[in-house]
Amino acid sequence: MREVWDLPKDEILFENNPDWFMHALKRLDVDQRVAFLMVLWRIWHIHNELTHDKRPAPLEASKRFLMGYVKSLLLIEQNQNIDTAKGKQSIDEVKGFSKKGKMIEDRPHIKQKWNPPDEGGTKLNVDGAFSHDGRAGTGMILRRSDGSVIFAACRRLRVCTDALEAELAAIEEGLALTLAWEAGAFVLETDSAEAIKLIAEGTPNLSQHAMRIKVIRERIREREVVLCKVSRDANGTSHGLAQLGRVNGRTDVWQHCYPPEIAETIKADCNTERTRCRLEGG
């Protein structure tokens, strides 16, 4: 992790003192504390996996998980007063978690694209759609590094109270489908910063969405899942699927293909040097 994060030097960590941990934290700036605590948290997770005779995640997978997790927290921290639906979030990695300095404002919006997962990996994109007339839907799509589709799905939500519930329902169902069909680690992307923040909090959730959040947390612990926040631009395919559920009232699953309604978005996602999609209509 030293290759990507400014972690404290070894001499700070090997102090012969029962209070070495608190002494170390006092000597670090806020970004070093975040990095240090995240690494310790991950080490403890791996320790628990070994204690319960589970195979630990590969080192590179742990590195990706920590980087993705901190990036999501950093995006939330630096964009607390921005409308997340408008896709104007940005991260100043130099500023980090510091309260000092000022983000560059009035930056022209550059449309972001879907980024495929690392070679051999998979990425799940999810989205929830909700309208004030009570109609709601979810959309989920799992793809490989070449852009090919493992599954696409949409569902009409018959009962939904708000947009956040729709987003959480999409995450919950997307996780369930992926855990059932795929054996390896994967990345999960959503454009809902609020959903990620609720899931990432370490304390029990006491909101009306508490049960759904509890289920999501349990499912994330079943597998190596990297949870990331992306802009709406980079999540267009799952958004299109969610609209099929909300507007058309459809509930469907397509395996190794997708509905024709999202074909153009799929093609746009795959228009990169890294992806060579097998474009199949449902």
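Predicted model only: the values in this text are computed from it and were never measured. Along each chain, the written sequence defines residue order, and numbers are assigned to residues from 1. pLDDT decides what is reported in this predicted model: residues at 70 or higher carry local features, side-chain atom pairs at 80 or more are listed and counted, and totals for whole chains, interfaces and linings draw on all residues regardless. Excluded from the side-chain calculation are hydrogens and water; included are all heavy atoms of the structure.

J.: Explain the sheet that holds strand β2 (residues 136-144) residue by residue, including any values.
T.: In space, the six strands of this open sheet follow the order β5-β4-β1-β2-β3-β6, with mixed pairing throughout. Pairing within the sheet leaves two strands with one partner each, and these edge strands are β5 (225-229) and β6 (252-255). Along the sheet, successive strands turn relative to each other by an average axial angle of 15°, direction set aside. Of the strand pairs in this sheet, strand β1 (residues 122-130) and β2 are connected by nine bridges, and their pairing is antiparallel. Within the sheet, the bridge partner assigned to alanine 129 lies in β2 and is glycine 137. Taken strand by strand, helix α5 (residues 163-181) contacts β1, β2, β3 (149-157), β4 (186-190), β5 and β6, and its axis lies near 150° from that of β1. One requirement defines pairing of two strands: DSSP has to find at least two bridges between them. Each helix corresponds to a stretch of at least 4 residues labelled H or I by DSSP, and each strand to a stretch of at least 2 residues labelled E; elements are numbered beginning at the N terminus. The axes used here are C-alpha line fits, helices contributing only the stretch in contact, and every angle between their N-to-C directions lies in the interval 0 to 180 degrees. Whether two residues are in contact is decided by their heavy atoms: any pair within 4.5 Å suffices.

J.: Account for the confidence of the model for the protein, naming residues and giving values.
T.: Model confidence for the protein is summarised by a mean pLDDT of 81, while 79% of its residues fall at 70 or above. Contacts of residues 82-88 to residues separated by more than four positions or lying in other chains number eight contacts, the stretch itself having pLDDT below 50. Confidence per residue, as judged by the predictor, is encoded in pLDDT with a range of 0 to 100. Here residues 99-107 is a poorly scored stretch, pLDDT under 50, and it has nine contacts once near neighbours within four places are set aside; other chains count.

J.: Quick rundown of the pattern of salt bridges? Include the residues and the values.
T.: Within this document, salt bridges are pairs made up of a side-chain nitrogen of Lys or Arg and a carboxyl oxygen of Asp or Glu, the two lying within 4 Å of each other. Inspection of every chain in the model, using the stated rule, returns 14 salt bridges. Where aspartate 118 meets arginine 64, a salt bridge forms, and the shortest distance between an N and an O atom there is 3.5 Å. A residue pair is termed long-range when its members are at least 10 positions apart, and aspartate 118 in the loop between α4 (59-78) and β1 and arginine 64 in helix α4 qualify at 54 residues. When accessible area is computed with a 1.4 Å probe and restricted to protein chains, residues below 20% of their type maximum are described as buried, those above 50% as exposed, and intermediate ones as partly exposed. By relative accessible area, aspartate 118 is classed as partly exposed at 41%. Judged by its relative accessible area of 34%, arginine 64 falls in the partly exposed class. Note that aspartate 269 and arginine 143 form a salt bridge whose closest N and O atoms lie 2.9 Å from each other. Highlighted residues: aspartate 269 in helix α9 (residues 263-269) and arginine 143 in strand β2, separated in sequence by 126 residues. Since its relative accessible area comes to 6%, aspartate 269 is described here as buried. The class for arginine 143 is buried, based on a relative accessible area of 1%. What you see here is one network of salt bridges that share partners, running through Glu165, Glu172, Arg212 and Arg219.

J.: Quick one: what's the story with the environment of histidine 132, residue by residue and with numbers?
T.: Relative to the elements of secondary structure, histidine 132 occurs in the loop between β1 and β2. Taking the C-alpha atoms as reference points, histidine 132 and threonine 161, 29 residues apart in sequence, are found 9.2 Å from one another.

J.: With reference to specific residues and values, describe the packing of α5 against helix α7 (residues 210-222).
T.: Packing of α5 against α7 brings their axes to within 10 Å, and their N-to-C directions diverge by 30°. With respect to α7, the element α5 is oriented roughly parallel. As for the relative orientation of α5 and α7, their crossing is left-handed in sense. Note on element contacts: α7 touches α5 through Arg212, Ile213, Val215, Ile216, Arg219, Ile220 and Glu222, opposite Glu165, Leu168, Ala169, Ile171, Glu172, Glu173, Leu175, Ala176 and Leu179. Polarity classes work like this: nonpolar for Ala, Val, Leu, Ile, Met, Phe, Trp, Tyr, Cys and Pro, charged for Asp, Glu, Lys and Arg, and polar for all others, with Gly in that last group. A class-by-class count of the residues in the contact of α5 with α7 yields 10 nonpolar, no polar and six charged. The cut-offs work like this: below 35 degrees is roughly parallel, past 145 is roughly antiparallel, 65 to 115 is roughly perpendicular, and the gaps in between are oblique. Crossing handedness follows the turn of the near helix against the far one: under a right angle anticlockwise gives a left-handed crossing, and clockwise gives a right-handed one.

J.: Just give me the short version of the packing of aromatic side chains, but keep the residues and values in it.
T.: Two aromatic rings from Phe, Tyr or Trp, using only the six-membered ring of Trp, form a pair when their centres are within 6.5 Å; if the ring planes differ by under 30 degrees the pair is stacked, by over 60 it is edge-to-face, and anything between is tilted. Within this structure, the stated rule accounts for two aromatic pairs. The interplanar angle of 40° and the centroid separation of 5.9 Å between the aromatic rings of tryptophan 41 and phenylalanine 65 together place this pair among those described as tilted. Placement of the pair is tryptophan 41 in helix α3 (residues 30-51) and phenylalanine 65 in helix α4, with a sequence separation of 24 residues. What makes phenylalanine 65 buried here is its relative accessible area of 9%. Taking the centre distance of 5.1 Å and the plane angle of 85° together, the rings of phenylalanine 151 and tryptophan 181 count as edge-to-face.

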